[in-house]
Amino acid sequence: MDLQLKGKIVVVTGGAKGIGAACVEAFAAEGAVPIIVGRSPQDAQKLAKEIADRGGRADVIEAELSSEDACRDVIAKILERHGRIDGIVHNAGVNDGVSLRHSPADFVGSLGKNILHVFALTHYALDSLIETRGFIVNISSKVADTGQGGTSGYAASKGAMNALTREWGLDLAQYGIRVNTVSPAEVMTPLYERWMATLDEPEKFLRERSALIPLGNRFTTSEEIAAMTVFLASPVSGHTTGQIVYPDGGYTHLDRAYRPAGDS
Ligand code: NAP
């Protein structure tokens, strides 16, 4: 299937690692030009070079996205270099464990890391997205639907992202801009590995958590998240907007206690 993404200028925040890097690879494989925006310029340059070596194109913009000024500058730089923006994948984020015990200032800080850049980048890119009849794909989290405990800032941010999927889907339908969200649950990425390293028995945790995922008793891969992202970005999904999709092996919505007959 031709996903009709050739030559599209696609901003991927946090595109140097994990799910973001898989999205960058997937867009490049479709002939799009992913713009890797984030804090890890060496990883990003390495990824962009690998794509170039395979005959593709990618660009890198270093930015710490928790500052509004940085978001404005990122969009200005992309427009200067590439002349337009066809889509944004809002992927950068961190489950930073800012809980009710933290200060209100810490809570605002967590929103800055997780959701304010989603608004700011979209705000500054809006005119270009209108011109290109572009797309937005957000990378949310199961935490928005189920909670996790001890992570108010992250939960609020991903909940806001899900709400903005509906709000912007409606706002932007008049311009032909589609807004959708991919909501992962358990994906082994550098972020997840860092968090697992803080546990007493990470291997035990991994075994037990995998057992709770109905489809295949395994984590979702970054590539599976990226495949859904690219599909939602593509005109092939041209009448899909305001949707939250859960490529998570059924973890968020299916009964995790169920065991097939004869297996209990
Ligand atoms: P990851 O491995 O940490 O990769 C995220 C990338 O984004 C990193 O390169 C990181 O920079 C960058 N980044 C984060 N915040 C940034 C900021 N404020 N400014 C600039 N760059 C920033 O994370 P991941 O696991 O792939 O997660 C990607 C997205 O999926 C996140 O929004 C996360 O909440 C969501 N998600 C992940 C899972 C999962 O199981 N992994 C589950 C649900 C949702 P550094 O290189 O400096 O860290």
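Residues numbered from 1 in each chain as written. Predicted model: local features only at pLDDT ≥ 70, side-chain atom pairs only at ≥ 80, totals over all residues. Heavy atoms only, no water.

Draft legend 1. Spotlight on helix α4 (residues 104–114). Taken together, the buried positions of α4 are occupied by Ser 110, Gly 112 and Asn 114. Where the residues of α4 are buried, they touch α5 (116–132) and α7 (152–173). (Buried < 20%, exposed > 50% of the residue type's maximum accessible area, 1.4 Å probe, protein only. Helix = DSSP H or I, 4+ residues; strand = E, 2+ residues; numbered from the N terminus. Contact = heavy atoms within 4.5 Å.)

Draft legend 2. Inspection of the site of the ligand at higher detail. The environment of the ligand is formed by 28 residues, the closest being Lys 17, Ser 40, Asn 91, Tyr 154 and Thr 189. Within the side chain of Glu 64, a nitrogen or oxygen atom sits 3.0 Å from a nitrogen atom of the ligand. Between the ligand and Lys 158, the relevant distance is 2.8 Å, taken from an oxygen atom to a side-chain nitrogen or oxygen of the residue. Alone, the ligand offers 880 Å² of accessible surface; in the complex the protein occludes 95% of this. With respect to the pocket detection grid, the ligand is positioned in the largest pocket. Listing elements by their share of the shell around the ligand, those giving two or more residues are α1 (18–29), α7 and α8 (190–196). Of the residues forming the shell around the ligand, the biggest block, 4 residues, is contributed by α8. When the residues that make up the shell around the ligand are grouped by side-chain class, the tally is 12 nonpolar, 10 polar and 6 charged. (Near = heavy atom within 4 Å. Polar contact = N/O pair within 3.5 Å; in protein donor to acceptor, adjacent residues only side chain to side chain. Areas by Shrake-Rupley, 256 points an atom, 1.4 Å probe, with all protein chains shown as cover. 1 Å grid on protein atoms, 1.4 Å probe; cavity = no way out; pocket = protein on both sides within 12 Å on 5 of 7 lines; lining within 4 Å. Sits in = over half its atoms within 2 Å of the grid points. Nonpolar A, V, L, I, M, F, W, Y, C, P; charged D, E, K, R; others polar.)

Draft legend 3. Region of interest: a nonpolar patch on the surface. There is a patch of nonpolar side chains on the surface, built from Met 1, Phe 231 and Val 236 and spanning about 320 Å² of accessible area. One can find Met 1 in the segment before β1 (9–13). (Patch = residues over 30% accessible without salt bridge, like charges linked within 9 Å, V, L, I, M, F, W, Y side chains within 5 Å. Salt bridge = Lys/Arg side-chain N within 4 Å of Asp/Glu carboxyl O.)

Draft legend 4. Quick peek at the sheet that holds strand β3 (residues 59–62). Strands sit in the order β3-β2-β1-β4-β5-β6-β7 across an open sheet of 7 strands; the sheet is parallel. Edge positions in the sheet fall to β3 and β7 (244–245), since each of these pairs with one other strand and no more. Relative to strand β4 (residues 87–90), β1 runs parallel, the two sharing 3 bridges. Looking at β4, one finds that Val 12 is bridged to Val 89. (Pairing = 2+ DSSP bridges.)

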